[in-house]
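Chain residues, written in single-letter form:
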Amino acid sequence: MPQKYNLHIVIAEDDMDDADVITETFTNNPSFSKVSLVANGEELLNYLKANENPDVILTDINMPIIDGIEALQQILNTNELKDIPCFVYSTSINPSYKEKCDHLGVKAYLIKPYSFEAFAEIPKTILSIIEA
């Protein structure tokens, strides 16, 4: 079966258990050929300055140093980065977070699942949104 995409995703996640699961989830999806992981918003911004732009960014919100929303504010207000599809996933169902993300232009606000099987839906959801 030929790969439909050869996508590079950068994931910002400070919880190592969640990071392991989400990294494995994207690594196992044939549409994603490269998965890069950073531990917070500051590392995400530094990664974007030092490397080629990824095809997709996925970030948690609650992280140390620079949180996901602060990082996204900088990313989505930078001409060289603003066209990268950005997604948020979080355990928080705080409506003000979702409102901020919508205002910034985040493609989707996803709730972190509780099962490994449900994590496998995240790449599918992201692909369906960027294909639309």
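Let us look at the structure shown here.

So, how was this worked out
- Residues numbered from 1 in each chain as written.
- Predicted model: local features only at pLDDT ≥ 70, side-chain atom pairs only at ≥ 80, totals over all residues.
- Heavy atoms only, no water.
- Helix = DSSP H or I, 4+ residues; strand = E, 2+ residues; numbered from the N terminus.
- Rg over C-alpha atoms; globule rule 2.2 N^0.38 Å.
- Buried < 20%, exposed > 50% of the residue type's maximum accessible area, 1.4 Å probe, protein only.
- Contact = heavy atoms within 4.5 Å.
- Salt bridge = Lys/Arg side-chain N within 4 Å of Asp/Glu carboxyl O.
- Axes fitted to C-alpha atoms, helices over the stretch in contact; angles between N-to-C directions.
- Parallel < 35°, antiparallel > 145°, perpendicular 65-115°, else oblique.
- Left-handed = near helix turned anticlockwise from the far one by under 90°.
- Nonpolar A, V, L, I, M, F, W, Y, C, P; charged D, E, K, R; others polar.

### Some thoughts on the overall build of the protein chain
Within the protein chain, the secondary structure is distributed over six helices and five strands. Each helix and strand of the protein chain, placed in order from N terminus to C terminus, yields the pattern β-α-β-α-β-α-β-α-β-α-α. Computed over C-alpha atoms, the radius of gyration of the protein chain comes to 14 Å, within 12% of the 14 Å expected from 2.2 N^0.38 for 132 residues, which places it in the range of a compact globule. With the C-alpha coordinates aligned to their principal axes, the bounding extent of the protein chain is approximately 40 × 30 × 30 Å. Looking at the protein chain residue by residue over its 132 residues, the buried ones come to 45%. Within the protein chain, counting contacts between residues at least 6 apart in sequence, those at least 24 apart form 68% of the total.

### Focus: the pattern of salt bridges
Scanning the model with the defined rule gives five salt bridges in all. Across the pair K98 and D102 runs a salt bridge, and its minimum N-O distance is 2.9 Å. On the criterion of helical spacing, the pair formed by K98 and D102 is a turn pair, its members being four residues apart in helix 4 (residues 95-104). On the basis of relative accessible area, K98 is assigned to the partly exposed category, the value being 38%. Residue K124 is joined to E121 by a salt bridge in which the shortest nitrogen-to-oxygen separation is 3.3 Å. Remark: E121 and K124 occur in helix 6 (residues 121-131); sequence separation between them is three residues, near one turn of the helix.

### Some remarks on the packing of helix 2 (residues 41-50) against helix 3 (residues 68-76)
Contact geometry for helix 2 and helix 3: axes closest at 8 Å, N-to-C directions at 25°. When the interaxial angle is binned, helix 2 and helix 3 end up roughly parallel. For the pair helix 2 and helix 3, the crossing hand works out as right-handed. For the pair helix 2 and helix 3, contact is made by G41, L44, L45 and L48 and by A71, Q74 and I75, respectively. Classifying every residue of the contact of helix 2 with helix 3 gives five nonpolar, two polar and no charged.

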